[in-house]
Structure formats: structure tokens, C-alpha cells
There are 4 protein chains.
Amino acid sequence: MNTGVIGYGYWGPNLVRNFMAQNDCLVTTLADSRPERLTMAQRLYPSLKTTTEPDDIITDDSIEAVVIATPVNTHYPLARAAIERGKNVLIEKPMTMSHTQATELVELAQRKGITLMVDHTFLYTGAVKKMKEIISSDGLGDVLYYDSTRINLGLFQHDVNVLWDLAPHDIAILLYLIDERPNSVQAVGVTHTGNDIENIAYLTLYYPSGIIAHCSCSWSSPVKVRTTYIGGTKKMIVYNDLEGTEKVKVYDTGFEVKSDEDKRKILIDYRTGDIYTPKVDNREALSAMAEDFIRAAAGKGEPVSNWKIGYDVVNILESAQISIKSNGSKITLLNGLGGRS
Amino acid sequence: MNTGVIGYGYWGPNLVRNFMAQNDCLVTTLADSRPERLTMAQRLYPSLKTTTEPDDIITDDSIEAVVIATPVNTHYPLARAAIERGKNVLIEKPMTMSHTQATELVELAQRKGITLMVDHTFLYTGAVKKMKEIISSDGLGDVLYYDSTRINLGLFQHDVNVLWDLAPHDIAILLYLIDERPNSVQAVGVTHTGNDIENIAYLTLYYPSGIIAHCSCSWSSPVKVRTTYIGGTKKMIVYNDLEGTEKVKVYDTGFEVKSDEDKRKILIDYRTGDIYTPKVDNREALSAMAEDFIRAAAGKGEPVSNWKIGYDVVNILESAQISIKSNGSKITLLNGLGGRS
Amino acid sequence: MNTGVIGYGYWGPNLVRNFMAQNDCLVTTLADSRPERLTMAQRLYPSLKTTTEPDDIITDDSIEAVVIATPVNTHYPLARAAIERGKNVLIEKPMTMSHTQATELVELAQRKGITLMVDHTFLYTGAVKKMKEIISSDGLGDVLYYDSTRINLGLFQHDVNVLWDLAPHDIAILLYLIDERPNSVQAVGVTHTGNDIENIAYLTLYYPSGIIAHCSCSWSSPVKVRTTYIGGTKKMIVYNDLEGTEKVKVYDTGFEVKSDEDKRKILIDYRTGDIYTPKVDNREALSAMAEDFIRAAAGKGEPVSNWKIGYDVVNILESAQISIKSNGSKITLLNGLGGRS
Amino acid sequence: MNTGVIGYGYWGPNLVRNFMAQNDCLVTTLADSRPERLTMAQRLYPSLKTTTEPDDIITDDSIEAVVIATPVNTHYPLARAAIERGKNVLIEKPMTMSHTQATELVELAQRKGITLMVDHTFLYTGAVKKMKEIISSDGLGDVLYYDSTRINLGLFQHDVNVLWDLAPHDIAILLYLIDERPNSVQAVGVTHTGNDIENIAYLTLYYPSGIIAHCSCSWSSPVKVRTTYIGGTKKMIVYNDLEGTEKVKVYDTGFEVKSDEDKRKILIDYRTGDIYTPKVDNREALSAMAEDFIRAAAGKGEPVSNWKIGYDVVNILESAQISIKSNGSKITLLNGLGGRS
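Residues numbered from 1 in each chain as written. Chains lettered and ligands numbered in written order. Predicted model: local features only at pLDDT ≥ 70, side-chain atom pairs only at ≥ 80, totals over all residues. Heavy atoms only, no water.

Draft legend 1. Broad picture of helix α2 (residues 35-44) of chain A. All names here are of chain A. Restricting attention to buried positions, one finds in α2 the residues R37, L38 and A41. Projection of α2 onto a plane perpendicular to its axis shows the buried side chains occupying an angular sector of 100 degrees, all on one side. Against α1 (12-20), β2 (26-31) and β3 (49-51) lie the buried residues of α2. (Buried < 20%, exposed > 50% of the residue type's maximum accessible area, 1.4 Å probe, protein only. Helix = DSSP H or I, 4+ residues; strand = E, 2+ residues; numbered from the N terminus. Arc of directions from axis to C-beta. Contact = heavy atoms within 4.5 Å.)

Dropping the structure here:
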């Protein structure tokens with residue numbers, strides 16, 4: 001599969017390297033507006049054609065797949081042009097700036113019969129796959145909550161806030177792990193830079209069944225933290241992405257609620273049991289993601305990071321944005337594809 | 001100082017033991033409605049008078065101080081009766097069920113000229129004292145945020161939610177550490193027991209200067225977590241109360257915001273420096289709290305856990321309760337003492 | 001069982017408290033040469049008879065059991081006198097200063113038909129019991145090594161070196177966990193105080209089957225460490241006694257040795273698997289130890305901390321002492337009971 | 001500086017990459033006996049000349065420096081041939097199989113006036129450089145001990161034991177950090193593979209001033225550990241190489257020895273103070289090592305990893321080997337260069 005890559009900034013080099021290493025794929029062309037980035041790429045891959053014009057990729061009929069790794073506000077026009085030309089498209093997360101744009105891309109992709117996929121790399125990590133396996137096999141009982149802290153010293157961005165930067169990881173993981181769609185969204189935050197772009201924000205998702213999901217995101221923490229608690233009626237997962245070899249721990253420690261007759265007292269049986277730290281696959285997630293895209297583009301089934309996840313990440317981020325700007329009001333989430341569920 | 005203790009449940013034994021051990025204090029009488037609890041106490045302290053009637057303590061003119069360690073809904077009537085009799089009063093946290101009750105107690109105490117204090121034990125820990133010292137001496141620069149996770153497998157209570165149980169610790173610490181009063185409160189939560197009492201909840205406090213404080217509280221986590229991040233313009237504290245000897249770490253890693261002329265870009269200078277883990281006093285906090293109460297009752301100055309902190313903890317909890325029941329609306333905090341700041 | 005306790009220094013108060021709390025036992029008399037220690041005890045236990053003369057306990061026919069918690073050089077004469085009077089005897093670790101003394105006590109106890117036990121408290125901890133359970137049920141495969149680091153800032157003692165102070169814990173644990181007796185001992189160390197008493201020392205035990213056990217002991221480490229690795233052909237235990245709730249971890253990560261024909265290459269199959277952190281009993285070990293002694297003294301079977309363990313701890317310490325003073329020579333361990341295995 | 005690299009196995013690729021990236025250096029030729037390894041290298045570096053004959057590098061007069069990354073038993077003949085041709089030589093650790101070989105190489109290098117350096121990469125890590133800085137500025141007081149645990153699941157080697165594999169790191173660090181030479185060596189170990197090559201071993205070094213250094217090395221631990229304690233009269237370092245950002249911690253917790261008049265008691269003042277975790281440079285150590293070699297080869301001063309360190313690592317390993325095969329006898333260390341100090 002001849003592939004063109006647009007954007008060679010922070011993430012682009014990783015994408016080129018991983019697509020180059022796939023068997024059924026050849027990166028033929030790279031576009032970036034900065035000639036010095038292209039020079040850098042050519043030194044590593046002498047056979048690569050380079051151009052400052054994305055259009056050279058989009059209009060090249062020998063190219064079957066386009067990988068878009070440009071700033072988020074350019075995702076929509078580039079992806080749209082590529083899909084219209086019938087090319088399979090992989091976009092950096094998040095897919096677009098709005099659910100309206102995402103809806104259009106998804107519908108266009110379906111009409112054209114091509115694969116539209118968003119690079120939610122975390123879905124391809126050994127840790128997330130292991131947690132999916134545990135939850136799917138009822139390893140936690142009914143999921144009750146998901147609570148994530150994702151903070152670090154971040155490059156303050158001037159166009160999107162910290163939720164658009166960091167929360168897509170948690171939202172994609174949630175949509176992948178839990179077989180239920182949240183129905184409302186709430187977010188609050190503050191800015192310390194005077195530019196109305198939140199550098200600390202908290203996102204809460206509510207589910208019809210009572211599940212609650214919460215994410216703390218910050219660019220203002222010199223200590224990097226990536227810790228997630230996922231609790232169920234039977235067990236609980238502690239997922240620490242910064243741990244070397246013990247990223248996922250399952251706590252066989254739960255509680256049982258028994259109500260007595262007068263309903264005035266709730267008794268809790270404490271139960272404290274073993275901890276199980278499963279072995280987690282170490283393969284580079286980005287390589288598995290590239291492979292999944294190629295497989296899907298070849299018509300061999302829907303990718304793990306499917307368009308529903310890509311769409312809902314944007315949908316939830318947009319609702320969070322509305323909530324944060326309206327003092328934390330609870331925003332009812334749109335159904336799939338802009339209201340048409 | 002002859003002291004009576006009302007309530008010998010979970011915390012009462014610790015209070016009796018610590019007050020017994022003070023030099024200037026004698027616990028003469030203990031009240032509890034359960035005779036078997038009284039028997040238990042008498043085995044340890046043969047000299048102790050016991051009674052099932054709190055009134056026996058309140059009406060005993062030889063008793064100068066009353067310690068109230070009963071369920072929170074009984075705090076107000078017991079404390080009121082004791083203050084009216086001119087006794088110094090120490091109440092378990094939180095002080096009362098509402099700011100109206102708290103206002104009444106505070107005003108009555110001021111009229112009677114006695115000491116009214118709430119047992120916010122954490123203010124007397126070596127870790128919190130060390131953090132106060134660091135922040136007061138400008139060790140963090142301007143404080144920007146406070147983010148706390150306080151979760152464990154908890155005894156689900158049938159009258160108050162998880163915020164009333166766990167958040168008083170964080171609120172009292174915040175009021176003690178930061179020389180500014182929050183002006184609005186927001187809270188969200190869920191219940192998994194069908195009784196409308198939240199077992200997981202998130203509290204956010206906003207400050208006029210832009211500080212944000214956030215607390216995650218849960219009774220549904222088999223893993224106990226007590227971690228707080230306090231960030232300033234220059235440094236950051238990580239406070240882990242479950243660490244044995246390294247509870248407080250100061251990260252000399254910060255960022256500086258410089259705005260360039262067109263105000264469209266915010267550049268961040270990354271700075272990553274040393275970590276400093278100060279020695280923290282190990283003395284039992286409850287003993288220091290008892291000593292502070294006795295000192296204050298003897299007219300030797302205001303206690304660290306002063307009535308302003310006690311009052312505002314209730315005030316904030318009540319506002320959080322209103323917020324949580326109105327879908328997370330932002331609630332403007334009443335000024336001190338029920339509106340009269 | 002009427003019990004007398006001799007010695008009320010560092011450990012004595014814990015012993016009195018735990019024996020007092022047993023159902024089938026009454027501590028009637030306490031001896032210590034320091035009257036102020038006796039006064040302290042009587043304040044807590046008004047019914048206790050006290051004396052500065054150990055003989056008052058040894059010659060008291062109403063006393064059936066004697067607990068000896070005095071400096072190690074007095075263990076032998078006190079225990080001998082008590083056993084001769086037909087009393088059951090519990091001695092603080094280590095039993096005596098030499099294997100000759102230990103042999104005498106053991107033989108005398110057997111003739112008199114009483115229980116002679118050494119307080120190796122660690123054998124009664126939940127962590128050590130769990131490890132025994134794992135190893136006994138072949139959970140590690142064949143044990144290959146035991147490697148322990150037991151260091152802290154210690155009170156330098158003027159009569160025995162750091163091995164006599166800290167290594168008895170490891171030696172007793174080893175003798176309990178592994179169904180094999182070491183056959184030689186090696187030790188090296190240094191002193192930094194100029195008094196010929198090692199404050200840092202390393203002990204190595206060799207077993208006929210090829211097992212190696214190693215203990216690092218130090219009084220000169222401001223960081224307290226209590227970490228033990230126990231490896232087998234199939235799995236490995238990491239035992240960290242300073243962990244709160246995760247003291248014992250079992251690593252299902254092993255290796256398999258396959259030799260190929262020319263014997264020049266050893267191929268290793270790497271296998272890395274899950275980690276399992278079993279729940280460990282939290283009951284206070286000292287209470288279980290007291291109970292076991294009372295049970296044994298009542299003729300209901302041999303205690304867990306039996307005389308063979310007590311004897312071999314002394315035997316190994318004495319051999320280690322000889323090794324350390326002869327530049328680390330390998331010392332063949334005496335068979336049980338001074339040569340008569 | 002034109003450079004030839006001999007050996008493209010486990011470490012060779014890292015060396016080629018880092019030397020390629022240096023400004024004043026060009027890797028022109030690569031030798032390896034396995035054609036498939038050469039093919040692999042040429043794909044990455046199309047300009048590289050490759051050969052299966054090391055001699056093609058040694059006899060090439062355009063090559064000024066030779067990097068030897070072959071099995072340890074080939075180090076001596078290859079290095080000797082290269083030095084005789086007047087080339088600067090960098091050898092993988094350890095330098096040779098014996099102090100006799102090392103002496104010859106060092107003396108030859110001095111006669112030829114070229115740079116002979118051993119790749120003790122750890123000396124170029126930020127953590128070790130920071131510790132050197134602390135110790136040199138008297139940050140610990142007088143050093144008293146060095147205790148290292150370096151264990152992992154290792155590839156059992158069929159020619160050298162675990163000490164030759166793992167201990168060179170600790171020995172080189174010791175020689176670099178401490179301005180004193182050990183004067184005797186002791187080692188013990190076991191083999192579990194029946195081939196007389198120890199897979200677990202313990203090394204002890206003694207210094208004239210009373211410093212003791214101890215290293216636990218093992219290939220049989222599924223848990224990887226890299227922890228070193230370095231204690232002085234005033235402070236102590238805990239160096240954990242597996243920590244991400246907190247590799248070096250300095251404990252301001254010490255003890256003071258005061259001897260009282262009768263010399264029978266040693267009193268210890270406990271002092272427990274702050275911990276300081278300095279920022280440590282993150283630059284890749286191998287790159288700094290390559291730069292240092294190039295600088296030294298250009299005649300700009302002795303490298304950090306100087307020949308004395310390289311020589312003594314071999315010297316100590318050889319003495320350890322003798323000790324381990326003579327039941328742990330204490331072996332007096334040869335003076336520098338085979339006896340001629």
C-alpha cells in the first residue's frame with residue numbers, strides 16, 4: 001500500500017518510521033511546509049519523495065493511503081480532500097475540531113467505502129488490551145467508576161486547552177473498555193496564563209447505568225502522573241502507565257452492599273484479597289496501530305480504533321468545552337453522528 | 001482542667017487516651033448511650049465516672065471542658081448546651097450539619113468567652129505543619145492549585161455522603177495552608193447504593209485570585225490513596241500521607257510563562273530541578289491537638305484549628321451539598337458567619 | 001498458666017502485654033534489676049507482683065512458665081535454673097551465646113519434659129507463614145537462593161556484633177522455610193568504631209543441594225531496608241517487610257536451563273509472566289507466638305519456633321563469628337546438638 | 001577521526017550509532033565475522049565499508065581509531081595488533097581476561113603514545129557524575145561503605161561467570177568515586193547449571209582506610225534490581241538506576257559515635273534529617289563516552305575512563321576469580337600494573 005504522510009512535526013517521524021517498517025506498506029511521499037523538516041527526513045530515508053504541498057499527495061493516484069499528522073485545525077480539510085479522492089485516511093487524534101466536521105468525514109468515508117481511522121495509540125498498548133480482556137471477561141464485575149489523573153509539565157498550547165491535549169487518551173480508552181456510551185458531560189477548569197485557555201481542567205462523564213468517569217488534566221505539574229483507577233462491583237484495576245513492568249494491577253478487594261430491613265443502615269462487608277499483576281505485552285503500540293490501519297484499509301474488517309470512537313472523542317471534547325464555558329453545566333451528549341444515533 | 005467526654009465509638013477512645021495523657025487535664029466523666037462501651041472504658045481507666053446521660057456531664061459544674069465525639073447530627077444540641085453552661089467545647093469534625101448551626105455556636109461561644117474548637121486533627125500533623133512553613137515562607141511562589149485524591153474502601157454511611165466524611169480533611173488543610181478564602185464551590189457525584197447518598201464525589205473550590213482546589217473522594221476504592229499536589233509559580237509539593245518517612249516532597253521544577261508581543265503564543269521555559277524531602281515531625285497529631293485545645297481553653301491564645309476554619313468547613317460542605325443536588329451548579333460561598341463577613 | 005517475666009527493657013513490655021492478653025495465661029510476677037522499670041509496669045498492671053530478684057520467680061512453685069527477656073549473656077544461667085525447677089521457658093532470641101550452652105539447655109529441657117522455646121517472632125508473621133505455604137506447596141519449584149538485606153541505623157552494641165543483632169531473624173526464617181540444613185557458613189565484616197565489633201557484616205550459608213543464602217546486615221544505614229529475594233526453579237518471591245499491604249510478591253518469571261549436546265553453550269529460555277501478591281494475615285505476630293508457647297507448654301505439640309531452630313540459630317551465629325575472625329574462612333556447620341546430629 | 005568498529009553483536013550497533021553521531025568522527029569500516037550482521041548495518045549506513053576480516057581495519061592506514069566490541073577473550077590480540085599499528089583503541093568492558101594482558105596493553109599504549117580506553121559507560125551517566133560531585137565536595141563525609149545489588153534474569157554465559165558480566169560496572173564506579181584503592185578482594189558464589197560458572201556471586205573489597213564494598217550479582221532473578229547504598233560519616237546516597245527521574249537520593253541522616261570513658265559502651269546519637277534528590281543529567285551516557293574518547297585521542301587530556309580504571313577492573317575480577325575458586329579466601333590485590341605500583 002503506497003502511503004503519503006502529511007506533517008513531520010512532533011509525531012510525524014514516529015509515524016513514518018512505523019509505517020516504513022510494515023511489510024505491506026511503503027511510505028512514498030512526505031509533505032511538510034517546512035523544507036528543513038523534509039531535509040531531515042530525507043537524510044534518514046533517501047528514497048522518500050518530499051514536498052511542501054499536501055496536494056501533491058492528495059492528487060497522486062498511486063497513493064492509496066494518507067496519514068495526517070498536522071495541527072488539529074487542518075485535519076478536516078485535508079482528510080476531506082483525501083477521502084473524496086478515495087484514499088484511506090489515518091488522522092492524528094483528535095479527529096477534528098467539532099462533531100459537525102467529524103460527522104461529515106465519517107459519512108463521506110462510508111459513502112466512499114474507505115477506511116477512516118484516528119490514531120488513538122493507547123488502544124494498541126499491552127496495558128489497555130489487557131484491561132479490555134479483564135473487563136470483557138467480567139473480571140471486575142459491573143464497572144462502577146473510572147478515575148484518571150493525567151498531569152505533567154506541558155507545552156501550553158495557544159489554540160486548544162489541556163482537555164483537547166490530554167483527555168482524548170482517556171476518552172478513547174473509556175469508549176474502548178466500557179460497552180456503554182456516556183450520556184452527559186461536565187467540565188470545569190482554570191487558566192493561569194490570562195488567555196482563556198485552561199491549563200488545568202477536570203472532566204466528568206455520566207453513564208445511564210450509573211458509571212461515573214473522571215479525568216484530571218493539567219499542564220502545570222512538574223511531576224508527571226498517569227494513574228487510572230477502574231472499579232467494579234467485584235474488583236478494581238490500578239493502571240499506572242509510568243510503571244515499567246507492573247502497569248496493570250487487579251485488586252481482588254471489594255465490598256458487598258447488604259441493605260437491612262429498615263433501609264436506614266447500609267452494612268458493608270469488608271473483603272480484602274489478593275492482588276494480581278498480569279504480564280502485559282511490550283510491543284510498540286504505534287506499530288500495532290499502523291498494522292491495524294493497513295489491515296482495515298485492505299478490507300479485512302473494522303479497526304480497533306474505529307470511527308465511532310474517533311467521532312465520540314470529538315463529540316465529548318466539544319461538549320466539555322461548552323460545559324467549561326458555562327460554569328460546569330451538565331451537557332447532554334449528542335447521540336452518535338450529530339444526533340442521528 | 002476537668003474534662004468530660006461524650007461519645008465512645010470509633011474516635012472517642014483515641015480522644016480519651018490522649019486527653020488522659022496531658023499534664024494539665026483530667027478526664028473525669030465519660031458518657032455513651034451504650035453501657036457495654038462504658039464497661040470497656042472503665043476496664044482501661046478504673047477511676048473514670050461513666051454515664052449513659054450526656055446531661056450528667058453538661059450539668060456538672062466541676063467540669064470545665066467537654067469533648068463531643070458523637071454522630072454529627074447531635075453535635076449542635078450537645079455543644080450548645082455545654083457552651084451555655086460556660087464550658088469549653090471540642091467537637092469532632094465537622095462542627096455541625098449546617099452553617100446556621102455553626103454560626104449560632106460560634107456567636108454563643110464568643111458571647112460566653114469560651115473556647116470552641118473542632119478536632120481537625122490533620123492540622124496538627126508534622127506533614128501539614130511543614131507544608132504551612134514552606135508555603136508561608138514563599139517556598140512555592142504563588143499557589144496555583146491544590147489537587148487531592150482521598151479514596152478508600154469506606155463504611156458507607158446512611159446519613160452523610162462521602163464528601164462530609166472525607167473532604168473535611170482537605171478543606172481544613174486548604175483553609176489552614178492558603179491565606180485566601182474560596183468564593184465558590186462546585187461538586188458532582190454518584191451513588192451506587194440506591195439511597196441518594198454519594199459514595200464517589202468530586203469537589204472543586206474557586207478562589208478570587210485564580211487558585212483552583214479539587215478533591216476526589218470515594219468510599220469504593222479497595223486501594224487506599226491519600227495524595228495531594230500543591231502547585232505554585234515556582235515549586236510544587238507532592239504530599240503522600242501514606243508514605244512512611246517521605247510524606248512531603250518539594251519539586252523544584254517549574255515553568256515560567258513569558259508572553260510574546262502578538263499575544264498569540266505562550267512560550268514555556270522548562271525548568272527541572274532538584275527535589276527536597278524535608279524531615280517531618282512524627283509526634284502524634286491527636287496529642288498536639290489536645291494540648292492546643294487545653295492551651296486555648298486556658299486563655300493562652302487562639303488554637304490552630306480556630307473557629308473560622310471549623311465554620312468554613314461546614315459552610316463549604318453545605319454549599320457542596322447544594323451543588324451536587326443541582327447538577328453541579330457553581331455555588332457562591334457565603335461570607336464568614338452566615339453572610340456577615 | 002502462671003507466668004513470670006524476667007527483664008522489662010526494650011522487648012519486655014511487649015511480652016508482658018501479649019501474655020497478659022492470652023486467655024490461658026496470667027503474668028503474676030515481673031523481675032527487673034531496675035526499680036523504676038518495675039514502677040512503670042505496676043502503673044499499667046496494678047495486680048502484678050514485682051521484684052528485683054529473678055530468683056523470686058525461679059523458686060516460686062506456683063509459676064509454671066518463665067519468659068526471659070534479659071541481655072543475651074544472662075540467658076543461659078537464668079534458663080538453666082528455671083528448667084531445673086521444671087518450668088517451661090521462653091527465651092528472647094538468640095537462645096544463648098554458644099552452641100555448647102544451647103545444647104545443654106535443650107538436653108536438660110528434654111530430660112525434664114518441659115517446653116523450651118525461643119521467641120523468633122518473625123516465624124509468626126503473616127508474611128513468613130504465607131511464604132512457608134507457597135514454598136511447601138512447591139510454589140517456587142526447587143529453592144535456589146535466599147538473599148536478604150537487613151540494614152538500618154542501629155544502636156551499636158558493645159558486646160555482640162550486627163550479625164548477632166539482625167541475622168537471627170533471617171536464619172530463623174531460613175530454617176523454617178527450607179527443609180534442608182546448611183552445611184557451611186562464611187562471614188565477613190568491618191567495624192568503623194574501633195572496638196572490634198562489626199557494624200556491617202555479610203553472612204553466607206551453603207546447603208548440600210546447592211542452595212545459597214546471603215544476608216547483608218548493617219547498623220550504619222540511615223535508610224531502613226528489609227528486603228528478601230527467594231528464588232526457585234519456577235518462581236521467585238520478593239518479600240519487603242516494610243511494605244504496608246504488599247509484603248509478599250510472587251514473580252512467575254523464571255528461566256529454564258537446557259544444555260545442548262556439546263556442553264559448551266547453555267541456552268536460556270526467558271519466560272516472563274504474571275505477578276501474584278497474596279493477601280497476608282495482619283494479626284500481631286507476638287500474640288500468635290505467645291499463644292503457641294502456651295499451647296506447647298500445655299503439651300499440645302511442638303511449637304513452630306522449635307528447639308531445633310533455636311539451637312541452629314546459635315550454632316550458625318557462632319560459626320559466623322569464627323569465620324569473620326578468620327578472614328572469611330568457610331566453616332563447616334556442626335551437626336545438630338553439638339556434633340551429634 | 002576515521003574509525004573502524006570490530007564486532008556488531010549486542011553492543012556494537014549502539015557504538016556505531018553513537019560514533020556516527022559525533023562531529024569529529026566518521027565510522028568508515030565495520031568488521032564482523034557474520035555476513036548477515038554486516039548486511040543489517042549497511043541497510044542503516046549505506047556508506048559504511050564492511051568486512052568479515054578485522055585485519056582489514058587494523059591494517060588500514062587511513063583509520064586512526066579502532067573500537068573493539070567482540071567477546072572478551074579476543075580483546076587482547078585485537079587491541080594489541082591495533083595499538084602496534086599506532087591506532088587509538090576503545091575496548092568493551094572488561095579490557096582483557098587477565099591483568100597480565102592488561103599490563104601489556106597499557107604499557108604498549110604508553111610506548112606508542114596512543115589512547116587506550118575501556119568503555120565503562122556508567123562513568124558517563126548523569127547519576128554517577130552527580131555522585132562523584134557529591135563525594136568529591138565532601139557531601140557524605142568520609143565514605144564508609146558501598147553496597148550494591150545488581151541482579152536480573154541473565155543470559156547465562158559459557159565462558160565467564162556473573163561477576164565478569166555484571167561486577168565491572170560496580171568496580172569501575174567504585175574506582176571512579178573513591179580516591180583510594182582497595183587492597184584485598186574476596187568472593188563467593190554458586191552455580192546452578194553444573195558447569196562451574198557461577199550464576200550468583202558476592203564480591204567484597206577491602207580498603208586500607210576501613211571502607212568496605214560489597215556487590216551482589218545474579219543472573220537468576222526475574223526481578224531486575226540496580227540499587228546501591230553509599231554511606232559516609234555524615235550522609236548516605238541511595239542510587240537506584242531503575243528510577244526514572246529520582247536515581248540519586250542523599251539522606252541527611254547519620255549517626256555520631258561518641259565513646260565514653262570506660263570504652264565499654266558506645267553511645268549513638270540518632271539524627272534524622274532531610275532528603276535531597278538532585279537533578280541528574282539525562283544525556284545518553286554512550287554519546288558522552290564516545291566524545292571523551294575522541295577528545296582523548298586528539299591529545300586533549302586523559303579520559304574519565306582512564307587506563308588505571310580499566311586495568312584495575314581486570315585486576316580485581318581476576319583476584320575475585322581466584323578467591324571464589326579457593327573457598328572465599330581473602331586475596332591481596334596486586335599493585336598497579338602487575339605489581340609495579
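Let's pick the thread back up.
Draft legend 2. Molecular detail of the side chain of D32 of chain D. Residues and elements named next belong to chain D. Relative to the helices and strands, D32 resides in the loop between β2 (26-31) and α2 (35-44). On the accessibility criterion, D32 (6% relative accessible area) is buried. Separated by 2.9 Å, the side chains of D32 and R34 make a polar contact. With residues near it in sequence (within four places) discarded, D32 still touches G7, Y8, G9, R37, L38, T51 and T52. (Polar contact = N/O pair within 3.5 Å; in protein donor to acceptor, adjacent residues only side chain to side chain.)

Draft legend 3. Up close: the relation of the copies chain B and chain D. Mapping chain B onto chain D leaves a residual RMSD of 0.0 Å; the transformation is a rotation of 180 degrees accompanied by 0.0 Å of translation along its axis. What the rotation and shift describe, once combined, is the action of a two-fold rotation axis. Scanning chain B for the C-alpha nearest the rotation axis identifies Y276 of chain B, at a separation of 2.4 Å. (Least-squares fit on C-alpha atoms with pLDDT ≥ 70 in both.)

Draft legend 4. Up close: the pattern of salt bridges. Scanning all chains against the criterion turns up 61 salt bridges over all chains. Between K132 of chain A and D179 of chain A there is a salt bridge; the shortest N-O distance is 4.0 Å. Taken together, the positions of K132 of chain A in helix α6 (residues 126-136) and D179 of chain A in the loop between α7 (162-177) and β8 (184-190) put the pair 47 residues apart, joining distant regions of the chain. Looking at K132 of chain A, the relative accessible area reads 18%, which means it is buried. A relative accessible area of 76% places D179 of chain A in the exposed class. Here R34 of chain C makes a salt bridge to D32 of chain C, at a shortest N to O gap of 2.9 Å. Owing to a relative accessible area of 35%, R34 of chain C belongs among the partly exposed residues under this scheme. Residues joined in a network through salt bridges with shared partners are R80, E84 and E104 of chain A. (Salt bridge = Lys/Arg side-chain N within 4 Å of Asp/Glu carboxyl O.)

Draft legend 5. Representation of the sheet that holds strand β3 (residues 49-51) of chain B within the structure. Residue and element names in this part refer to chain B. Read from one edge to the other, the open sheet built from 6 strands follows the order β3-β2-β1-β4-β5-β6, with strand pairing classed as parallel. At either end of the open sheet lies a strand with only one pairing partner, and these are β3 and β6 (116-119). Sheet twist, expressed as the average angle between the axes of neighbouring strands with direction ignored, equals 20 degrees. By the bridge criterion, 5 bridges tie strand β1 (residues 2-6) to strand β2 (residues 26-31) in an arrangement that is parallel. Bridge pairing in β2 links V5 to L30. (Pairing = 2+ DSSP bridges. Axes fitted to C-alpha atoms, helices over the stretch in contact; angles between N-to-C directions.)

Draft legend 6. Geometry of the interface of chain B and chain D. If you look at the interface, chain B gives 11 residues, while chain D gives 11 residues. In total, about 960 Å² of surface goes out of reach between chain B and chain D, with carbon and sulfur atoms giving 39% of it. Contact with chain D buries area across many residues of chain B, yet D274, I275 and K279 of chain B alone supply 47% of it, more than any other trio. Seen at the junction of chain B and chain D, the total is 2 salt bridges. Its salt-bridge partner being K249 of chain D, residue E246 of chain B comes within 3.0 Å of it at the nearest N-O pair. At the junction of chain B and chain D, the tally comes to 10 residue pairs in polar contact (both at pLDDT 80 or more). Where the side of chain B that touches chain D is concerned, the elements lending two or more residues are β13 (248-251) and β16 (275-277) of chain B. The greatest single-element share of the side of chain B that touches chain D, amounting to 3 residues, is contributed by β16 of chain B. Partitioned by chemical class, the residues of the side of chain B that touches chain D number 4 nonpolar, 3 polar and 4 charged. In the sheet, β16 of chain B pairs with strand β16 (residues 275-277) of chain D via 3 bridges, with the strands oriented antiparallel. Bridging across to β16 of chain D, I275 of chain B finds its partner in T277 of chain D. (Buried area = accessible area lost by both parts, 1.4 Å probe. Nonpolar A, V, L, I, M, F, W, Y, C, P; charged D, E, K, R; others polar.)

Draft legend 7. Here's a closer look at the packing of aromatic side chains. This structure, assessed with the given rule, holds 8 aromatic pairs over all chains. Aromatic pair F19 of chain C and F293 of chain C: ring centres 6.1 Å apart, planes at 80 degrees, arrangement edge-to-face. With F19 of chain C in helix α1 (residues 12-20) and F293 of chain C in helix α8 (residues 285-297), the pair connects residues that are 274 residues apart, well separated along the chain. Note on accessibility: F19 of chain C and F293 of chain C belong to one class, buried. With a centroid separation of 6.0 Å and an interplanar angle of 40 degrees, the aromatic rings of Y10 of chain D and W11 of chain D are classed as tilted. For W11 of chain D, a relative accessible area of 25% puts it in the partly exposed group. The positively charged end of K132 of chain A is found above the aromatic ring belonging to Y176 of chain A, 5.1 Å away from the centroid. Seen from the ring of F122 of chain D, R150 of chain D lies directly overhead, with NZ or CZ sitting 5.1 Å from the centre. (Phe/Tyr/Trp six-rings, centres within 6.5 Å; stacked < 30°, edge-to-face > 60°. Lys NZ or Arg CZ within 6 Å of the ring centre and 35° of its normal.)

Draft legend 8. Representation of the environment of P208 of chain B within the structure. With respect to the helices and strands, P208 of chain B occurs in the loop between β9 (200-206) and β10 (212-218). Each residue touching P208 of chain B, except ones within four places of it in the same chain, is listed here: E180, R181 and N183 of chain B.

Draft legend 9. Spotlight on the packing of helix α7 (residues 162-177) of chain D against helix α9 (residues 307-325) of chain D. All names here are of chain D. At a minimum axis separation of 9 Å, α7 and α9 run at an interaxial angle of 130 degrees. In this view, α7 runs oblique relative to α9, as classed from their interaxial angle. Seen along the crossing, α7 lies across α9 with a hand that is right-handed. Across the interface between the two elements, L163, W164, A167, P168, I171, A172, L175 and Y176 from α7 touch I309, D312, V313, I316, L317, E318, A320, Q321 and I324 from α9. Residue composition of the contact of α7 with α9, by class: 14 nonpolar, 1 polar and 2 charged. (Parallel < 35°, antiparallel > 145°, perpendicular 65-115°, else oblique. Left-handed = near helix turned anticlockwise from the far one by under 90°.)

Draft legend 10. Structural detail: the sheet that holds strand β3 (residues 49-51) of chain C. All names here are of chain C. Strand order in the open sheet made by the 6 strands is β3-β2-β1-β4-β5-β6, with parallel pairing throughout. One side of each edge strand has no neighbouring strand; the edge strands of this open sheet are β3 and β6 (116-119). The mean inter-strand angle of the sheet, taken between neighbouring strand axes irrespective of direction, is 20 degrees. For strand β1 (residues 2-6) and strand β4 (residues 65-68), the ladder comprises 4 bridges, and the chain directions are parallel. Its bridge partner lying in β4, V5 is registered against V67.

Draft legend 11. Structural detail: the pairing of strand β5 (residues 88-92) of chain A. Residue and element names in this part refer to chain A. The buried fraction of β5 is high, at 5 of 5 residues. Judged by which residues are buried, β5 turns out to be covered on both faces: N88, L90 and E92 on one side and V89 and I91 on the other are all buried. Across 4 bridges, strand β4 (residues 65-68) lies against β5 in parallel orientation. What sits directly across from I68, in β5, is I91. Taken together, β4, helix α4 (residues 75-84) and β5 constitute a β-α-β crossover, and its handedness is right-handed. In this sheet, strand β6 (residues 116-119) lies alongside β5 in parallel orientation, the contact comprising 4 bridges. Looking at the pairing, E92 lines up with D119 of β6. As a crossover connection, the stretch from β5 through helix α5 (residues 99-112) into β6 is right-handed. (Right-handed = clockwise from strand over helix to strand, strands pointing away.)

Read these as spatial facts, not as claims about activity.
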